[in-house]
Amino acid sequence: SKVQQLRGDAAAAEVPAAATQHLRHPAVFERKRFSEAANRRISLLDAGGFYDRSQVFSATLVELDPENSTLLNNRAYVLAEKGVLLDAAAEMAERALQLHKEEPAFIRDTLGWVYAEAQRNDEALAIFERLIDEDRKQAFYQYHYGVVLNQLDRKTDAMKAFERALDSKTIS
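What comes next is a walk through the structure. These figures come from a predicted structure and were not determined experimentally.

## Some details on the overall build of the protein chain
A count of helical and extended segments in the protein chain gives ten helices and zero strands. Sequence-ordered secondary structure for the protein chain, helices as α and strands as β, is α-α-α-α-α-α-α-α-α-α. For the protein chain, with 172 residues in total, the buried portion stands at 42%. Restricting to contacts in the protein chain with at least 6 residues of sequence separation, those with at least 24 account for 54%. As presented, the protein chain carries roughly 9,600 Å² of accessible surface, and 53% of it is formed by carbon and sulfur atoms.

Structure (structure tokens):
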């Protein structure tokens, strides 16, 4: 199954089927509240040092609701941050973007970050240049842009982007 594929080394931290069985009930599966609650649980598991469990849980959730752009986006971002399963992360971020006709910036940021971590620098650079054109004061865009520029050995431009990120008051 896709969950087993995405689990990687986290298989030892198996989440019992009974722990997620209630998530299949239609009354619980109201997408917005479900996404918020699921993402809070994943964040708490990560913050508590239970990374393996959070990854198994998030992979299970993505399998249960593969059309949930919030879950896809957040799972892709975490995988990129950890530098693992980057092909799967790119597929999730691309799918999340397809599910939103308005192409929200936060999903494009995730996709760009996945590309950056996968050394797909030209694709990442194009995404971050567009994001910065739309919102020059967003710290994460500037930081991610700086990382890509640094990977492309454009050190001076990268330093400028990092300085703009540090000067920014917009973090979201």
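Moving on from the model shown.
## A short note on the packing of helix α7 (residues 105-117) against helix α9 (residues 139-151)
Each pair of packed helices can be summarised by the angle the axes make with each other and by the distance between the axes. It is the contact of α7 with α9, at a shortest axis distance of 10 Å, that shows an interaxial angle of 20 degrees. As the angle between them shows, α7 and α9 are arranged roughly parallel. As α7 runs across α9, the sense of the crossing is left-handed. Note on element contacts: α9 touches α7 through Phe-140, Tyr-141, Tyr-143, His-144, Val-147, Val-148 and Gln-151, opposite Ala-105, Phe-106, Asp-109, Trp-113 and Ala-116. Of the residues that constitute the contact of α7 with α9, the class distribution is nine nonpolar, two polar and one charged.

## Some remarks on the nonpolar core
Leu-61, Met-92, Phe-128 and Tyr-145 are the most contacted members of the largest nonpolar core, which has 39 residues in total. Among the elements of the structure, α3 (31-47), α4 (51-64), α5 (69-82), α6 (86-98), α7, α8 (121-134), α9 and α10 (155-167) are those that each provide at least two residues to this core. Broken down by element, this core gets its largest block of residues, eight residues, from α6.

## Brief notes about the packing of aromatic side chains
Here the distance between the centres and the angle between the planes together describe a pair of aromatic rings. On inspection of all chains with the given rule, the structure shows two aromatic pairs. Relative to Tyr-143, the ring of Trp-113 lies with its centre 6.0 Å away and its plane at 45 degrees, an arrangement referred to as tilted. Of this pair, Trp-113 sits in helix α7 while Tyr-143 sits in helix α9, and the two are 30 residues apart along the sequence. A residue is classified by how much of its surface remains accessible, and Trp-113, at 5% relative accessible area, is buried. Under the relative-accessibility criterion, Tyr-143 is labelled partly exposed at 39%. Consider the rings of Tyr-143 and Phe-162, whose centres lie 5.7 Å apart with planes at 40 degrees: the pair is tilted. Of this pair, Tyr-143 sits in helix α9 while Phe-162 sits in helix α10, and the two are 19 residues apart along the sequence. The exposure class assigned to Phe-162 is partly exposed, which follows from its relative accessible area of 22%. A network of ring pairs unites the aromatic residues Trp-113, Tyr-143 and Phe-162 as a single cluster. Directly above the ring of Phe-57 sits Arg-41, whose terminal nitrogen or CZ lies 4.3 Å from the centroid.

Criteria and cut-off values
Residues numbered from 1 in each chain as written. Predicted model: local features only at pLDDT ≥ 70, side-chain atom pairs only at ≥ 80, totals over all residues. Heavy atoms only, no water. Helix = DSSP H or I, 4+ residues; strand = E, 2+ residues; numbered from the N terminus. Buried < 20%, exposed > 50% of the residue type's maximum accessible area, 1.4 Å probe, protein only. Contact = heavy atoms within 4.5 Å. Areas by Shrake-Rupley, 256 points an atom, 1.4 Å probe, with all protein chains shown as cover. Axes fitted to C-alpha atoms, helices over the stretch in contact; angles between N-to-C directions. Parallel < 35°, antiparallel > 145°, perpendicular 65-115°, else oblique. Left-handed = near helix turned anticlockwise from the far one by under 90°. Nonpolar A, V, L, I, M, F, W, Y, C, P; charged D, E, K, R; others polar. Core = buried A, V, L, I, M, F, W, Y, C linked by side-chain atoms within 4.5 Å. Phe/Tyr/Trp six-rings, centres within 6.5 Å; stacked < 30°, edge-to-face > 60°. Lys NZ or Arg CZ within 6 Å of the ring centre and 35° of its normal.

As far as function goes, none of this settles anything; it's purely spatial.
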